[in-house]
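Inside the fold
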Amino acid sequence: MSNRLPPLTALRAFEAAARHLSFSKAAEELRVTPAALSFQIKSLEEHLGQPVFRRLNRAVELTEAGRVLAPGVSDGFSALNSAWRSARRLQETQTLNITAGPAFTSKWLAPRLFDFAAAHPDLELRFVATLKLADLERDPVDAAIRFGEVVDPALFSREIFRDWVTPMMSPALAEQVTGMECLRKFPILHQDDIGFLRHPVDWAAWFRAAGLGKAPTSGPHFGQADHAINAAVAGLGIVLGRATLAEDDIKAGRLVAPFPLALRSSAAYRFLCRRGAETQPKIAAFLDWMISESRGHAELEKGRTFVDAGQLPPA
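Throughout what follows, the structure given in this document is the object of discussion. (Residues numbered from 1 in each chain as written. Predicted model: local features only at pLDDT ≥ 70, side-chain atom pairs only at ≥ 80, totals over all residues. Heavy atoms only, no water.)

Scanning the protein chain from N- to C-terminus turns up eleven helices and eleven strands. Compactness check: the protein chain gives a C-alpha radius of gyration of 27 Å against a globular reference of 20 Å for 315 residues, more than 25% above the reference. In terms of its C-alpha atoms, the protein chain occupies a principal-axis envelope of roughly 85 × 50 × 30 Å. Relative to its full complement of 315 residues, the protein chain shows a buried share of 45%. When contacts within the protein chain are restricted to residue pairs at least 6 apart in sequence, long-range pairs at least 24 apart make up 80% of them. Positive and negative charge centroids in the protein chain, built from 37 and 35 side chains respectively, lie 4 Å apart. (Helix = DSSP H or I, 4+ residues; strand = E, 2+ residues; numbered from the N terminus. Rg over C-alpha atoms; globule rule 2.2 N^0.38 Å. Buried < 20%, exposed > 50% of the residue type's maximum accessible area, 1.4 Å probe, protein only. Contact = heavy atoms within 4.5 Å. Lys, Arg positive; Asp, Glu negative; His and termini not counted. Charge placed at Lys NZ, Arg CZ, Asp CG, Glu CD.)

Below, the discussion takes up the packing of helix α1 (residues 8-20) against helix α3 (residues 34-48). Direction vectors running N to C along α1 and α3 enclose 110°, while the axes themselves pass 8 Å from each other. One element, α1, and the other, α3, form an angle in the roughly perpendicular class. Contact with α1, carried on its side by T9, A10, L11, A13, F14 and A17, involves L37, Q40, I41 and L44 of α3 and no other residues of that element. Among the residues making up the contact of α1 with α3, the classes are represented as eight nonpolar, two polar and no charged. (Axes fitted to C-alpha atoms, helices over the stretch in contact; angles between N-to-C directions. Parallel < 35°, antiparallel > 145°, perpendicular 65-115°, else oblique. Nonpolar A, V, L, I, M, F, W, Y, C, P; charged D, E, K, R; others polar.)

Its identity as a non-glycine residue notwithstanding, L21 has a phi of 50°, on the positive side. Looking at where L21 falls in the secondary structure, it is placed in the loop between α1 and α2 (23-30).

On to the environment of P260. Relative to the assigned elements, P260 resides in the loop between α10 (243-251) and β10 (261-274). On the accessibility criterion, P260 (40% relative accessible area) is partly exposed. Along the chain, P260 and F306 lie 46 residues apart, while their C-alpha atoms are 8.2 Å from each other. When neighbours within four sequence positions are excluded, P260 is seen to be in contact with G303, R304 and T305.

What follows concerns the packing of α1 against α2. Axis separation between α1 and α2 bottoms out at 8 Å; the angle between their running directions is 125°. The orientation of α1 relative to α2 falls into the category oblique. As α1 packs across α2, the resulting crossing turns out to be right-handed. Contacts from R12, A13, A16, A17, R19 and H20 in α1 reach F23, K25, A26, E29 and L30 in α2. Of the residues that constitute the contact of α1 with α2, the class distribution is six nonpolar, one polar and four charged. (Left-handed = near helix turned anticlockwise from the far one by under 90°.)

A few words on the side chain of R146. Along the chain, the position of R146 falls in strand β5 (residues 143-148). Among the polar contacts made by the side chain of R146, one reaches the main-chain carbonyl oxygen of T130 at a distance of 3.2 Å. Reaching out from R146, the side chain makes a polar contact with the backbone oxygen of K132 at a distance of 2.9 Å. If near-sequence neighbours (up to four positions away) are discounted, R146 is found in contact with T99, A100, G101, T130, L131, K132, L133, A268, Y269, R270 and L272. (Polar contact = N/O pair within 3.5 Å; in protein donor to acceptor, adjacent residues only side chain to side chain.)

Assignment of secondary structure puts G296 in the loop between α11 (281-294) and β11 (305-308). Between the C-alpha atom of G296 and that of E247, which follows or precedes it by 49 residues, the distance is 9.0 Å. Look past the residues within four positions of G296 in its chain and what remains in contact with it is E247 and K251.

In this model, the largest pocket occupies a volume close to 670 Å³. Forming the boundary of the largest pocket are 29 residues, of which L131, L133, R146, F147 and G148 lie nearest the centre. Elements with a minimum of two residues in the lining of the largest pocket: α5 (102-109), β5 and β10. Considered class by class, the residues forming the lining of the largest pocket number 17 nonpolar, four polar and eight charged. (1 Å grid on protein atoms, 1.4 Å probe; cavity = no way out; pocket = protein on both sides within 12 Å on 5 of 7 lines; lining within 4 Å. Points joined across faces, edges and corners; volume = space filled by probe spheres on them.)

Attention shifts here to the side chain of T105. Following the sequence through the fold, T105 ends up in helix α5. Look at T105 and you get buried, because its relative accessible area is 15%. Setting aside anything within four residues of it in sequence, one finds T105 in contact with A100, A110, P111 and A129.

With that settled, consider the pattern of salt bridges. Using the criterion set out here, one finds 17 salt bridges in the structure. The residue R55 makes a salt bridge to E45 at a minimum N-O spacing of 2.9 Å. With a gap of ten residues between them, R55 in strand β1 (residues 53-55) and E45 in helix α3 connect regions that are remote in the sequence. Given a relative accessible area of 12%, E45 falls into the buried group. (Salt bridge = Lys/Arg side-chain N within 4 Å of Asp/Glu carboxyl O.)

Right, let's talk about the pairing of strand β6 (residues 155-168) for a bit. Two faces make up the sheet, and in a regular strand the side chains alternate between them. In terms of burial, β6 is largely enclosed, as ten of its 14 residues are buried. Here nine bridges tie β6 to β10, and the two strands are oriented antiparallel to one another. Each residue of the ladder has a partner; that of S157, found in β10, is L272. Judged from the four bridges that link them, β6 and strand β9 (residues 238-242) form a sheet pairing that is antiparallel. Paired with T166 across the strands is G241, a residue of β9. (Pairing = 2+ DSSP bridges.)

Next comes the structure, spelled out in structure tokens:
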């Protein structure tokens, strides 16, 4: 029995096998044969002077020594991986990796990226439009723009937009709408991507805020907010549009939001990154640019009457 650590390959084999409690699954993960993995485990046990696994008929389980060893080995590999990723990032100072939701990327971010790229020609921009939540400690992502109510206290977070909704329609359709009651006469477009909110900002909530009673339930449903907004631009109906996503369509005159009443959501678009990373020049530059661009959003709020969705009486 030696006080020296066993080979890294043996510890790696043990960590995978302890996590899966399966030699075959661990071997598959490490892309080695089960026999090779078993040899590494045996090497570690000889180095330790006692078994770390109890071999059963169709499974394995940790011995007392294995249970003592497993947490430290797991933490050690986690720390090693984290240090390796941090070191790799030092070589990628000229690449900015950003992830955001598809709707936000399509309707707000992409149309504005040319200005940021032109101002920072030394940066290579890489954007991933996905709803999958990135692990900013593990994934090769510098920052994320996410829509939601909950903030991870372990991350740096800066609110960019507080979301709100109001009825929006094409100019041609708006000419036929003379008041709120007219909303019942035209097709209503529904968005199904905000059902996770604690306080709904859907048609039922907006109708309650407006004192109009029960909202229409018929009409097409869209899984993505930008699809619903594009349908409204095409004149297919009236959407309870999210102002952030519809900002450019309203400013360009493709959509009209004729009613002052707006329902403010408890969710917001936030800029997220690892704590301390916000001071990196490339990340700080992008955050400053987003804050500057977001100021134009305030024009849409002028003259509106806001009702907090969380203050509405229950249906």
